[in-house]
Amino acid sequence: MEKLNLGPEVCMKLNPRLIYGRLTGFRRDGKYATMAGHDINYLAVSGALSLLGRAGENPHPPVNLLADFAGGGAMLVLGILMALVARGTTGKGQVVEQNMVDGASYLATFVRFAQGTVTGNRPRGENLLDGGCPFYDTYETKDGEYMAVGALEPHFYREFLKGLGLQGTKWDGKGQGERERWDEMRRVFADKFKKRTRREWEQVFDGTDACCTPVLGYGEMRGDIAAKEGDQRPAVTLRETPLLAVGKDAKDASHGQGLGVDGEGYVGRPLIPGDGGVKVVEEWLGWKEGREFTIQDGGMVLKDVSKL
């Protein structure tokens, strides 16, 4: 932004109340600051990637959800909101600095601290919440679909066993916590789930406290919005400031999301570098090609910064 003469010093001189967000991947003062990277790299150097994956397998990134969107964008928004609160007291804006390494590390705080407790003190993929526990895992069904199980607490676990038809067996009661038998328990659960389709298991567990639900795909959710809760709602809703849900059937304002608007949400369109850029710069800044800038090798070159 400094190269475009739009850095924070310039902009905040024009508007001292401005809140200026800056987001990087690596730390700006760290050893990787000058290097290119992607979500997987930021997770790797934050320590978070070492926590993700099955036992005996390579660390596995959750696509680009954790660093790019959660540790990056969402954390930057949090910083901007804090700056807004501060501005209410000081009357001044400020620069908000965020990087994806520190953001991902913060999001991994619970798991990192759990390494000092029985919840997470074993190698990757062998702990309570990372795939090591048979009653906190996913299982394939007869039709190749999956069910997700999160029956951690004893009363939920009992409901889960009841649904599987395993109540009163050796897996009931104290059997839940016997780690040395978890491998056998997992095989028993896997065999049970393979005997019915996902839809059949849904009929067993829907409406119960077994913490057992289907693993839904976005494709099927779009085709069965009412049954699969596939309408696109705002992530956070305010009762006094309703937001709009997206979807043909999203017309319920009772939970603060506002009346729905018809549509199918985001529709992707592939872009090449620079596609539409000249138009956007003209709409946003009023700059015209040939007057304020020229295009060379696909990039913008300002003609005379001092006059802008």
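The structure this text deals with has already been given above.
All of the points below concern the structure found in this document. (Residues numbered from 1 in each chain as written. Predicted model: local features only at pLDDT ≥ 70, side-chain atom pairs only at ≥ 80, totals over all residues. Heavy atoms only, no water.)

Now for the state of the cysteines. Following the criterion strictly, the structure yields 0 disulfides and no others. Of all cysteine sulfurs in the structure, the one in Cys212 sits closest to Cys211, which takes part in no disulfide; the separation is 8.9 Å. Assessed through its relative accessible area of 31%, Cys211 is described here as partly exposed. (Disulfide = S-S within 2.5 Å. Buried < 20%, exposed > 50% of the residue type's maximum accessible area, 1.4 Å probe, protein only.)

The subject of this paragraph is the packing of aromatic side chains. In the structure shown here, the tally under the stated rule is 11 aromatic pairs. On the numbers, 5.5 Å between centres and 85° between planes, the contact of Phe135 with Trp182 is edge-to-face. With Phe135 in the loop between α5 (109-114) and β3 (136-140) and Trp182 in helix α7 (residues 182-193), the pair connects residues that are 47 residues apart, well separated along the chain. The pair Phe135 / Trp182 is uniform in exposure class, with both members buried. Between the aromatic rings of Tyr139 and Phe189, the centroid separation amounts to 6.2 Å while the plane-to-plane angle is 80°, which identifies the pairing as edge-to-face. With Tyr139 in strand β3 and Phe189 in helix α7, this pair connects stretches of sequence that are 50 residues apart. (Phe/Tyr/Trp six-rings, centres within 6.5 Å; stacked < 30°, edge-to-face > 60°. Helix = DSSP H or I, 4+ residues; strand = E, 2+ residues; numbered from the N terminus.)

In this model, Asn5 sits at a positive phi of 60°, which is unusual for a non-glycine residue. With respect to the secondary-structure elements, Asn5 resides in the segment before α1 (8-14). For Asn5, a relative accessible area of 30% puts it in the partly exposed group. Phi angles above zero are rare outside glycine, and Cys211 is one such case at about 55°.

Remember that the coordinates give geometry; whether it matters functionally is a separate question.
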